[in-house]
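# A structural walkthrough
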Amino acid sequence: MPDASFLLKTDRLLLRPWKDEDLEPFAELCADPEVMRFFPEVLTREKSDLLVSRCREKTVKDGFSMAPVEVKATGEFLGFVGLNVPAYAAPLPFDPCVEIGWRLKRSAWGKGYASEAAREWLRFGFETIGLDEIVAFTIPDNLPSQKVMARIGMTRDLEGDFLHPSLPADHPIAKHVLYRLTKMDWMSSAK
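Residues numbered from 1 in each chain as written. Predicted model: local features only at pLDDT ≥ 70, side-chain atom pairs only at ≥ 80, totals over all residues. Heavy atoms only, no water.

### Brief notes about the pairing of strand β5 (residues 99-104)
Among the six residues in β5, six count as buried, and that is most of the element. Burial along β5 is two-sided: Glu 99, Gly 101 and Arg 103 and Ile 100, Trp 102 and Leu 104, pointing in opposite directions, are all buried. Note that strand β4 (residues 77-84) and β5 share six bridges and pair antiparallel. Bridged to Gly 82 within β5 is Gly 101. (Buried < 20%, exposed > 50% of the residue type's maximum accessible area, 1.4 Å probe, protein only. Helix = DSSP H or I, 4+ residues; strand = E, 2+ residues; numbered from the N terminus. Pairing = 2+ DSSP bridges.)

In structure tokens form, the structure reads like this:
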């Protein structure tokens with residue numbers, strides 16, 4: 001498992017630990033209503049910094065978390081992509097699990113960065129740390145993320161729709177769809 005100094009690479013991207021200089025651009029990304037349209041709220045700087053702090057703690061505890069993505073050639077900060085062990089107040093219906101997720105700034109959309117970084121995290125999750133399954137979830141209206149999930153080989157679990165445990169059942173974005181990818185399916189597609 002990576003320590004606080006891990007580094008994963010793709011053709012175009014570096015997936016690396018958080019730096020203090022990431023706080024400002026990440027806060028800007030999390031304050032963008034368009035980026036956050038499928039989340040309960042945009043984040044204040046304080047909440048954004050707290051999220052980074054939690055990611056740093058999870059990297060130490062779990063060996064991975066949502067991690068910064070930067071363009072190799074320029075060092076441009078794009079957002080985060082990574083693996084995460086969810087820790088909500090109430091369990092998810094499919095706990096225990098490891099999820100994959102991403103959040104990129106608008107100027108990074110449509111360039112294949114989320115898929116490229118996510119594939120590297122899937123490789124890491126299955127081939128390096130030996131996970132048996134990785135899940136992803138979002139609201140039904142978040143078609144861009146669902147397209148990324150499909151592009152990286154995940155399959156929608158049609159029986160897996162659920163109400164997010166951190167939201168009231170009648171909240172407009174409480175309903176979520178579930179995608180799954182097993183290690184066996186990953187290894188089959190990697191051949």
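Now that the structure is up, let's keep going.
### Some words on the pattern of salt bridges
Counted by the stated rule, this structure contains 16 salt bridges. Here Glu 41 and Lys 47 are joined by a salt bridge, their closest N and O atoms 2.8 Å apart. In this structure, Glu 120 and Arg 123 form a salt bridge, with 2.7 Å as the shortest nitrogen-oxygen distance. Placement of the pair is Glu 120 and Arg 123 together in helix α3 (residues 113-128), with a separation of three residues, close to one helical turn. Each of the salt bridges in this network shares a partner with another, and the network as a whole consists of Arg 16, Asp 22 and Glu 70. (Salt bridge = Lys/Arg side-chain N within 4 Å of Asp/Glu carboxyl O.)

### Considerations on helix α2 (residues 45-62)
Between its terminal C-alpha atoms α2 stretches 25 Å, which fits the 26 Å expected from 18 residues at 1.5 Å a residue. Considered for burial, the residues of α2 that qualify are Ser 48, Val 52, Cys 55, Lys 58, Thr 59 and Asp 62. Axial view of α2: buried residues confined to an arc of 120°, hence all on one face. Facing away from the buried side of α2 by over 90 degrees, the exposed positions are Glu 46, Glu 57, Val 60 and Lys 61. (Expected span 1.5 Å × (residues − 1). Arc of directions from axis to C-beta.)

### Observations concerning the nonpolar core
Counting 36 residues, the largest nonpolar core has Leu 83, Ile 100, Trp 102, Trp 121 and Met 154 as the members making the most contacts within it. Of all the elements in the fold, those that place two or more residues in this core are β2 (13-15), β3 (66-71), β4, β5, α3, β6 (133-138), α4 (143-151) and β9 (175-182). Counting residues per element, this core draws most heavily on α3, at eight residues. With residues near it in sequence (within four places) discarded, Met 154 still touches Ile 100, Ile 134, Val 135, Ala 136, Met 149, Tyr 179, Arg 180 and Leu 181. (Core = buried A, V, L, I, M, F, W, Y, C linked by side-chain atoms within 4.5 Å. Contact = heavy atoms within 4.5 Å.)

### Some words on the side chain of Arg 103
Looking at the secondary structure, you find Arg 103 in strand β5. No salt bridge forms around the buried Arg 103; measuring N to O, its nearest opposite-charge neighbour Glu 99 is 9.2 Å away. Those residues in contact with Arg 103, other than ones at most four positions away along the chain, are Phe 26, Leu 29, Cys 30, Val 35, Met 36, Phe 39, Leu 43, Leu 51, Leu 78, Gly 79 and Phe 80. (Lys, Arg positive; Asp, Glu negative; His and termini not counted.)

### With respect to the pairing of β9
Of the pairings in the sheet, the one linking β6 to β9 comprises six bridges and is antiparallel in character. Across the sheet, residue Thr 138 finds its bridge partner in β9, namely Val 177. Two elements, strand β7 (residues 155-156) and β9, share two bridges in a ladder whose sense is antiparallel. What sits directly across from Thr 155, in β9, is Arg 180. Inspection of the sheet shows strand β8 (residues 162-163) paired to β9 by two bridges, in the antiparallel sense. Its bridge partner being in β9, Phe 162 is matched across the sheet by His 176.

### With respect to the packing of aromatic side chains
The full count for this structure, using the stated rule, is ten aromatic pairs. A centroid spacing of 5.4 Å and a plane angle of 85° characterise the contact between Trp 121 and Phe 124, whose relative ring orientation is edge-to-face. Taken together, the positions of Trp 121 and Phe 124, both in helix α3 and three residues apart, correspond to about one turn of that helix. Comparing Trp 121 with Phe 124 shows no difference in burial state: the two are buried. Among the aromatic residues, those joined into a ring-pair cluster are Trp 18, Phe 26, Phe 77 and Phe 80. Sitting over the face of the ring of Phe 39, Arg 103 holds its NZ or CZ atom 4.4 Å from the ring centroid. (Phe/Tyr/Trp six-rings, centres within 6.5 Å; stacked < 30°, edge-to-face > 60°. Lys NZ or Arg CZ within 6 Å of the ring centre and 35° of its normal.)

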